[in-house]
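The lines below spell out each chain.
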Amino acid sequence: MPYPPTCSGPFFPYALHQTRLHTMSHLLAVALLKRLKTRFPDALSSGHRLFLSVFVIASKVLYPCDDRYSNENWALVGQGMFALMEINQMEREMCAYLEWLLNVPSEDLE
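Computed from a prediction, not measured in an experiment: that's the story for all the values here. (Residues numbered from 1 in each chain as written. Predicted model: local features only at pLDDT ≥ 70, side-chain atom pairs only at ≥ 80, totals over all residues. Heavy atoms only, no water.)

Undergrad: Can you lay out helix H2 (residues 23–39) for me, pointing to particular residues and giving the numbers?
TA: With 17 residues, H2 should cover 24 Å at 1.5 Å per step; its first-to-last C-alpha distance of 25 Å lies within 8% of that length. When we look at burial in H2, the residues that qualify are Ser25, Leu28, Ala29, Ala31, Leu32 and Leu36. Taken around the axis of H2, the buried residues stretch over an arc of 160°, which confines them to a single face. Counted as exposed and oriented over 90 degrees from the buried face of H2: Val30, Lys34 and Thr38. (Helix = DSSP H or I, 4+ residues; strand = E, 2+ residues; numbered from the N terminus. Expected span 1.5 Å × (residues − 1). Buried < 20%, exposed > 50% of the residue type's maximum accessible area, 1.4 Å probe, protein only. Arc of directions from axis to C-beta.)

Below is the structure:
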């Protein structure tokens, strides 16, 4: 039985396992979420939406020429919660919210 979108269930472990991203991707994604929270401390959003959008961005920042991390693949990782067009929109919106400042200094990752 699939988990409803409001339940984290195995979504996060599944996504991390399926992508097999390097730990640096996880650190970059957390740093981007921290930057977002600093800019918008009272903002609320779906954890799945935030998680997926920062991991899409982190994977593209770290692996810009790697086709394994296309948005089509992220739609599969998202387990049907988000259509491809929605993932594209989530990525654009997250980049705009972060003012396209997507690189993180190494000292912020420690």
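Undergrad: Explain the packing of aromatic side chains to me, using residue names and the numbers behind them.
TA: Applying the stated criterion across every chain, the model contains two aromatic pairs. Ring centres of phenylalanine 40 and tyrosine 97 lie 5.7 Å apart, and the angle between their planes is 70°; this geometry places the pair in the edge-to-face category. Linking phenylalanine 40 in the loop between H2 and helix H3 (47–62) with tyrosine 97 in helix H5 (residues 84–97), this pair joins segments that are 57 residues apart in sequence. Pairing phenylalanine 51 with phenylalanine 55 gives two aromatic rings, centres 4.6 Å apart and planes at 40°, and the pair type is tilted. (Phe/Tyr/Trp six-rings, centres within 6.5 Å; stacked < 30°, edge-to-face > 60°.)

Undergrad: Which residues make up the pattern of salt bridges, and what are the values?
TA: Here the structure, examined in full by the defined rule, presents three salt bridges. Note that arginine 49 and glutamate 86 form a salt bridge whose closest N and O atoms lie 2.8 Å from each other. Within this pair, whereas arginine 49 is found in helix H3, its partner glutamate 86 is found in helix H5, the two being separated by 37 residues in sequence. The exposure class of arginine 49 is partly exposed, given its relative accessible area of 27%. Taking relative accessible area as the criterion, glutamate 86 reaches 26% and is therefore assigned partly exposed. The partner of lysine 60 in a salt bridge is glutamate 91, and the shortest N-O contact between them spans 3.1 Å. With lysine 60 in helix H3 and glutamate 91 in helix H5, the pair connects residues that are 31 residues apart, well separated along the chain. Judged by relative accessible area, which is 31%, lysine 60 ranks as partly exposed. (Salt bridge = Lys/Arg side-chain N within 4 Å of Asp/Glu carboxyl O.)

Undergrad: Got a sec to walk through unusual backbone geometry? Specific residues and values, please.
TA: Phi is positive for glutamine 79, which is not a glycine, with a value near 55°. Tracing the backbone through its elements, the reader meets glutamine 79 in the loop between helix H4 (71–77) and H5. Judged by relative accessible area, glutamine 79 falls into the partly exposed class, the value being 38%. Backbone geometry places tryptophan 100, a non-glycine residue, at a positive phi of 60°. For tryptophan 100, the location among the structural elements is in the segment after H5.

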